[in-house]
Amino acid sequence: MQDIIARLTAKDDKAAYEYAKQIGAESAESDKYLSMISIFADLLVHKSSFVRTRGFVLICNQSRWAVDSQLEEVFPQMMPLLNDPKPTVVRQCLAALHEVVLFRPEMVRKIENAVDEIDLAKYKDSMTPLIQKDIDALKKIMG
């Protein structure tokens, strides 16, 4: 388990990103990483925006396998990333939430509430329409 975290937080961001993609692909096929939701949640407060985003996406990747309240328990830790200072983090997190909406419809209301609290005013004018487009796409699949 420590090896997984070390690889996800490695200084070589490209290698860490590729490893996170591999975990994501494996997560689409099996629940192999489901037990690591709380470990991935620890990444949400990392100083690196890349690592924070990886943690968020990897948690969302587990949504198809999550049982009981596994996702709901870490959801409060995830939501600050929807107001991350870096707009690219927000955009990637909004995209990752599509998977949660598809597999955990019981979480839609919580996701809607969190998305409605995104403060677009703090981002550059060039990023605001892009984030809004991502919000609109997520809301569209939420119904």
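Note: the structure precedes this text.
Our subject in this report is the structure included herewith.

Analysis parameters
- Residues numbered from 1 in each chain as written.
- Predicted model: local features only at pLDDT ≥ 70, side-chain atom pairs only at ≥ 80, totals over all residues.
- Heavy atoms only, no water.
- Axes fitted to C-alpha atoms, helices over the stretch in contact; angles between N-to-C directions.
- Helix = DSSP H or I, 4+ residues; strand = E, 2+ residues; numbered from the N terminus.
- Parallel < 35°, antiparallel > 145°, perpendicular 65-115°, else oblique.
- Contact = heavy atoms within 4.5 Å.
- Salt bridge = Lys/Arg side-chain N within 4 Å of Asp/Glu carboxyl O.
- Buried < 20%, exposed > 50% of the residue type's maximum accessible area, 1.4 Å probe, protein only.
- Phe/Tyr/Trp six-rings, centres within 6.5 Å; stacked < 30°, edge-to-face > 60°.
- Lys NZ or Arg CZ within 6 Å of the ring centre and 35° of its normal.
- Disulfide = S-S within 2.5 Å.

This part covers the packing of helix H6 (residues 87–103) against helix H8 (residues 128–142). Two elements in contact, H6 and H8, have axes separated by 10 Å at closest approach and are oriented at 10 degrees. Classed by the angle they form, the pair H6 and H8 counts as roughly parallel. Across from Pro 87, Val 90, Arg 91, Leu 94, Leu 97, His 98 and Val 101 in H6, the residues of H8 making contact are Leu 130, Ile 131, Asp 134, Ile 135, Ala 137, Leu 138, Ile 141 and Met 142.

Turning our attention to the pattern of salt bridges. Enumeration according to the criterion identifies nine salt bridges in this entry. The closest approach of N and O atoms between Arg 52 and Asp 84, which form a salt bridge, is 3.0 Å. One end of the pair, Arg 52, is in helix H4 (residues 49–61); the other, Asp 84, is in the loop between helix H5 (70–78) and H6, and 32 residues separate them in sequence. Both residues of the pair, Arg 52 and Asp 84, count as buried.

Before going further, it helps to spend a moment on the packing of aromatic side chains. Applying the stated criterion across every chain yields a total of zero aromatic pairs. The ring of Tyr 19 carries the charged tip of Arg 7 above its face, separated from the ring centre by 3.7 Å.

Let us now look at the state of the cysteines. By definition, a disulfide links two cysteine residues through a covalent bond between their sulfur atoms. In total, this model carries zero disulfides according to the counting rule given. This cysteine, Cys 60, is not joined by any disulfide, and Cys 93 carries the nearest cysteine sulfur, 7.3 Å off. The class for Cys 60 is buried, based on a relative accessible area of 1%. Cys 93 sits in the buried class, given a relative accessible area of 0%.

Below, the discussion takes up unusual backbone geometry. Although it is not a glycine, Asp 68 sits at a positive phi angle of roughly 50 degrees. Summarising the element assignment, Asp 68 is placed in the loop between H4 and H5.

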